[in-house]
Amino acid sequence: MNKPSRIMLRTPLPLDLLALDATAETPLYRQLYDALRDAILDGRLVAGARLPSSRRLASDLGVGRNTVLAAYEQLTAEGYLEGQIGAGTRIAAALPDRMLELGVSDATRGTPSNGAPGQAGLSQRGETIAAIKRPGVGYERGEARAFQHGLPAVDQFPAALWSRLLARHARDPRNGLFGYETGAGYAPLCEAIAAHAGAARGVVCTPDQVIVTTGAQAALDLAARMLIDPGDAVWTEEPGYLGARAALRGAGARLVPVPVDGEGLDVAAGVALEPAPRLVYVTPSHQFPLGITLSLQRRLALLDFARRADAWVVEDDYDSEYRYSGRPLASLQGLDRATRVLYMGTFSKTLFPGIKIGYLIVPDQLVDAFRSSIRITGHVPAPIVQAALAEFISEGHFGTHVRRMRTIYAARRSALLDAAERDLGAFLDLAPGDGGMQLVARLKDGMDDRQSSVIAAAAGIQVAPLSPYYLGKPRLSGLHMGFAGIPEAQIARSAKRLAAALADVTP
């Protein structure tokens, strides 16, 4: 039976009228979201009021339950609703739009006494950073939902061994690890990182060039603070990593989105857009989010351009340990003869996110400045954790773990590719990729990736839309699908659930 073109609300909500238009270009879940949000903001739905269950509202509206779930999920993620969907959902007491108007809630008003403008008295930089949001809907910390990207298989980490290493260094307060001063990194860890980066990625450095940070984001923040002045032009990949965009914007950079094609960052296009950038941020080994490897020709062109333009290059090598076909190309840093490249790595992908240790390998001329500045920024990880990690690497456990995980991830990648071909072919095309911990799915027939992400989340599936990774108009509607943290049997089951959810997406 055909749906009516106008769907009227027949549920006891304090609304004068709610109409969903099945013939409109706007998806039904978005129409419902907009209508409920407007009713909340203009007071027709008051704080604390309980909404109907998703089943009841879907029945009254004559729409699929996933449509209602998607609207509820989005409103909950944005702070308009509270509670668990399906177990009592209410209008939030403090609404996000009202908090923005007031700076903060009435009970905790923080307007500065000098009348300074801005949200809660924030600086322009603070407002810029606070306004940057993650794409898609949120997830609970530590939760391994299919198909969340960037999450390793933490259940496979040798936790007992790691605990013994931590305990070894935590027993004796006289070992020098209980104090404040570790400078730019625990010396044995700097030595271990330099040796690993040299052997695995062809990085040319001494341990003194290694700056240990509290994760990759801290490394990005430190590099941006040290190298960029407000208004400086910075090339970023288009589409590109939101964490880098946030750090660079926070430093006042003027971002120049440079398109990515089948060979990676298009250097010639970048020169045409901005011939004199202060810095270039690039993910050459496994472009985020598209998974493309920067070709050798493009690598050499970028290095030549950086030398001529006197520009810095930040090379984010976030998951190059996981490659499933062919040999990886050498790092940009290893090819750099003009010392313009800062190489960045992290242990969050190879070990576990909670370790919060990353690093920068900086050119000789920047070593003294970076080693001094990190003490001021507070980006230094706990010395005991650094000491345990140094032994984990030097005793061979790191290499053993990475090799083991590469085998596990290869099997999970194959399982996702098989499941996508079997169950998801009507909705998306999944690119196989050469490495990493996630794959890119291109949606078919004009399907909206944001709507698909929200509807999938309502069905318990975590897939990030690709469109928010674009600074300009998105050229691709697709989804980011992680596989590393998901067992093969769960991948197969979740692909079927995702297919059922995507069937409700309005093209």
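All values derive from a computational prediction rather than experimental measurement.

Draft legend 1. Here's a closer look at the nonpolar core. Of all hydrophobic cores here, the largest spans 70 residues; its most connected members are Phe 347, Leu 389, Tyr 409 and Met 481. Ranked by residue count, the leading element in this core is helix α15 (residues 397–423), at nine residues. Not counting residues up to four positions away in its chain, the partners in contact with Met 481 are Phe 147, Leu 416, Leu 424, Leu 428, Leu 430, Gln 438, Leu 439, Ala 441, Val 463 and Leu 498. In terms of nonpolar packing, the next biggest core, distinct from the first, is built from 29 residues, Ala 219, Leu 222, Val 234 and Leu 255 among them.

Draft legend 2. Region of the structure containing helix α17 (residues 488–502). With 15 residues, α17 should reach 21 Å at 1.5 Å per residue; the first-to-last C-alpha distance of 21 Å fits that figure. In this structure, the buried side of α17 is in contact with α3 (65–77), α15, β13 (428–430), α16 (449–458) and β16 (478–482).

Draft legend 3. Up close: the packing of helix α1 (residues 28–41) against α3. The geometry of α1 relative to α3 is characterised by a closest axis approach of 8 Å and an angle of 45° between their N-to-C directions. Compared by their axis directions, α1 and α3 come out oblique. At the point where α1 passes α3, the crossing takes the right-handed sense. Residues Leu 28, Tyr 29, Leu 32, Tyr 33, Leu 36 and Arg 37 of α1 lie in contact with α3, whose contacting residues are Thr 67, Val 68, Ala 70, Ala 71, Tyr 72, Gln 74 and Leu 75. Taken together, the residues that form the contact of α1 with α3 break down as 10 nonpolar, two polar and one charged.

Draft legend 4. Looking closely at the packing of aromatic side chains. By the definition in use, this model includes 14 aromatic pairs. An angle of 90° between the planes, with centres 5.4 Å apart, marks the rings of Phe 288 and Tyr 469 as edge-to-face. One end of the pair, Phe 288, is in the loop between β9 (279–282) and α11 (296–309); the other, Tyr 469, is in the loop between β15 (464–465) and β16, and 181 residues separate them in sequence. Tyr 469 carries the same exposure label as Phe 288, and that label is buried. Measuring from ring centre to ring centre gives 5.6 Å for Phe 347 and Phe 398, while their planes differ by 75°; the resulting arrangement is edge-to-face. Taken as a pair, Phe 347 in the loop between β11 (341–346) and β12 (358–361) and Phe 398 in helix α15 lie far apart in primary sequence, 51 residues in all. We classify Phe 347 as buried; its relative accessible area is 2%. Taking NZ or CZ as reference, Arg 340 lies 3.8 Å from the ring centre of Trp 312, over its face.

Draft legend 5. Inspection of the sheet that holds β13 at higher detail. Spatially, four strands are ordered β13-β14-β16-β15 in an open sheet, and the strand pairing comes out antiparallel. The open sheet has two edge strands, β13 and β15, and neither has a second partner. As defined by bridge partners, β13 adjoins strand β14 (residues 438–443) across three bridges and the pair is classed as antiparallel. Its bridge partner lying in β14, Leu 430 is registered against Ala 441. Helix-sheet contacts for α15 involve β13, β14 and β16, and the interaxial angle to β13 is about 150°.

Draft legend 6. Molecular detail of the pairing of strand β10 (residues 312–316). Of all the five residues making up β10, five are buried; the element is thus mostly covered by neighbouring parts of the structure. Direction of pairing for β9 relative to β10: parallel, over a ladder of four bridges. Residue pairing across strands places Val 282 opposite Glu 315, the latter belonging to β10. As a crossover connection, the stretch from β9 through α11 into β10 is right-handed. Two strands pair when backbone bridges link them, and β10 and β11 are joined in this way by four bridges, in the parallel orientation. Paired with Asp 316 across the strands is Met 344, a residue of β11.

Here is what the cut-offs are and how they apply
Within each chain, residues carry numbers counting from 1 in the order of the written sequence. Per-residue local features of the predicted model are confined to residues with pLDDT of at least 70, and side-chain atom pairs are confined, for both listing and counting, to 80 or more; whole-chain, interface and lining totals are unaffected and use all residues. Side-chain metrics in this entry use all non-hydrogen atoms of the structure; hydrogen atoms and water are not considered. By convention a nonpolar core is built from buried Ala, Val, Leu, Ile, Met, Phe, Trp, Tyr and Cys residues, the set being connected through side-chain atoms within 4.5 Å. A simple rule labels every residue: compare its accessible area, found with a 1.4 Å probe on the protein chains alone, to the largest value its type can have, and call it buried under 20%, exposed over 50%, or partly exposed in between. Per the convention used, a helix needs a DSSP run of H or I reaching at least four residues, while a strand needs a run of E reaching at least two, with both numbered from the N terminus. Whether two residues are in contact is decided by their heavy atoms: any pair within 4.5 Å suffices. Under the convention used throughout, the expected extent of a helix is 1.5 Å for every residue step, that is, one less than its residue count. The convention used is that axes are lines fitted to C-alpha atoms, helices contributing only their stretch in contact, and that angles between N-to-C directions extend from 0 to 180 degrees. We call two directions roughly parallel when the angle between them is under 35 degrees, roughly antiparallel when it is over 145, roughly perpendicular when it lies between 65 and 115, and oblique otherwise. Crossings are classed by handedness, with left-handed meaning an anticlockwise turn of the near helix from the far one by less than a right angle and right-handed meaning a clockwise turn. Residue polarity follows a fixed list, in which Ala, Val, Leu, Ile, Met, Phe, Trp, Tyr, Cys and Pro are nonpolar, Asp, Glu, Lys and Arg are charged, and the others, Gly among them, are polar. Aromatic contacts are taken between Phe, Tyr and Trp rings whose centres are within 6.5 Å, Trp giving its six-membered ring; a plane angle under 30 degrees counts as stacked, one over 60 as edge-to-face, and the others as tilted. Lysine and arginine charges are scored as sitting over a ring when NZ or CZ, respectively, is within 6 Å of the ring centre and within 35 degrees of the ring normal. The pairing criterion for strands is at least two bridges between them, as found by DSSP. For a crossover, the right-handed case is the one in which the path from the first strand over the helix to the second runs clockwise, viewed with the strands pointing away from the viewer.

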